[in-house]
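# Results of the structural survey
Listed here are the chains, written in short residue letters.
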Amino acid sequence: MEKLSLRVFPDPVLREETKPVTRFDGSLKDLVAEMARLMNQHDGVGLAAPQAGVPLKLAIVFFGGVLYVLANPQLLSFEGEQEGEEGCLSFPGIFGNVRRPLKIRVRHQDISGGEHEIDAEGFLARAFLHEIDHLEGKLLIDHFSPMKRTMARKKLLRSGSAAVSEN
Ligand SMILES: [Zn+2]
């Protein structure tokens, strides 16, 4: 498949409504491979399909030596609370504290269409929730206070949307 490029805020695809993954075929495997390439190239731990310009309910997270492929993920339950700094490949150089649930249960399909429920906590829960946000058009800066959001926007516009992220 053609090479995809990382989409950086304010690229409108980041806010586009995503469509469910319905075909678990070779083209999905190609897309996941291309997303993994982009994620590694930019030193990310996760990537949602809209960040590669594809408005599909699909995300990947690499954690603990495992590549999680989340097709059509759904948050089933959550509990507790954690606060920590988050960044996003689509917001180069922008970091901020985001409050998230501590433990979650997610239902999703894998790259072959098999259904799973996963329990995640701590960093992995945070990573899954960040990617699920992407599939709902919700972005890192939406978690910020209005003032911090304005500062982040200005910083990004100054650096230009073609900037490349290290994180
Ligand atoms: Zn992100």
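Note that this is a predicted model, so its numbers are computed, not measured. Each chain has its residues counted from 1, following the order in which its sequence is written. The predicted nature of this model means local features are confined to residues of pLDDT at least 70 and side-chain atom pairs, given and counted, to a pLDDT of 80 or more, with totals for whole chains, interfaces and linings taken over all residues.

As defined by bridge partners, strand E2 (residues 58–63) adjoins strand E3 (residues 66–79) across six bridges and the pair is classed as antiparallel. Counterpart to Phe62 in the pairing with E3 is Leu67. A loop of two residues connects E2 with E3, the two strands running antiparallel in sequence, and Gly64 in this loop sits at a positive phi of about 60 degrees. Strand pairing is assigned whenever DSSP identifies at least 2 bridges connecting the two strands. Note on conventions: DSSP H or I runs of at least 4 residues are helices, E runs of at least 2 residues are strands, and numbering of each starts at the N terminus. Taken together, the six bridges between E3 and strand E6 (residues 103–109) define a ladder with antiparallel strand orientation. Within E6, the residue paired with Phe78 across the bridge is Ile104.

This brings us to the sheet that holds strand E1 (residues 46–48). With respect to topology, five strands assemble into an open sheet ordered E1-E2-E3-E6-E7, the strand pairing being antiparallel. Two strands close off the open sheet at either side, each with one partner strand: E1 and strand E7 (115–121). The sheet shows a mean angle of 40 degrees between the axes of neighbouring strands, direction not considered. Strands E1, E2 and E3 of the sheet are contacted by helix H1 (residues 26–41), whose axis makes an angle of about 50 degrees with E2. Note that contacts rest on C-beta atoms placed from the backbone: two residues are in contact if these are within 7 Å. Axis geometry follows a simple rule: fit a line to the C-alpha atoms, using only the stretch in contact for helices, then measure angles between N-to-C directions, giving values from 0 to 180 degrees. With respect to the sheet, helix H2 (residues 123–135) is in contact with E1, E2, E3, E6 and E7, its orientation differing from that of E2 by roughly 160 degrees.

Note: E6 against E7, seven bridges, orientation antiparallel. Opposite Ile104, over in E7, you have Ala120 as the bridge partner. Connecting E6 to the next strand, E7, in antiparallel fashion are five residues, including Gly113 with a positive phi near 95 degrees.

Another aspect to go through is the environment of Arg37. In this fold, Arg37 is placed in helix H1. C-alpha of Arg37 to C-alpha of Val21: the two residues are 16 residues apart in sequence and 20 Å apart in space.

Attention now goes to H1. The first and last C-alpha atoms of H1 sit 22 Å apart over 16 residues, in line with the 22 Å expected at 1.5 Å per residue. Exposed residues have 12 or fewer other C-beta atoms within 10 Å of their own C-beta, buried residues have 20 or more, and residues in between are partly exposed; the C-beta atoms are placed from the backbone. Buried residues of H1: Leu31, Val32, Met35, Leu38 and Met39, and no others. All buried residues of H1 project into a common sector of 120 degrees when viewed along the axis, lining one side. Across from the buried face of H1, at angles greater than 90 degrees, the exposed residues are Gly26, Asp30, Asn40 and Gln41. Each element contacted by the buried residues of H1 is listed here: E1, E2 and E3. Of the residues trailing H1, Asp43 is marked for its positive phi of about 55 degrees. Working rule for helices: expected span equals 1.5 Å times residues minus one. For this quantity, the arc is that covered by the directions from the helix axis to the C-beta atoms.

For the rest of this paragraph, the subject is the confidence of the model for the protein chain. How sure the predictor is of each residue is captured by pLDDT, a score from 0 to 100. Looking at the protein chain, the pLDDT average stands at 94 and 95% of residues meet or exceed 70. Low pLDDT, under 50, characterises residues 162–167; the stretch is placed with nine contacts to residues that sit more than four places away or in other chains.

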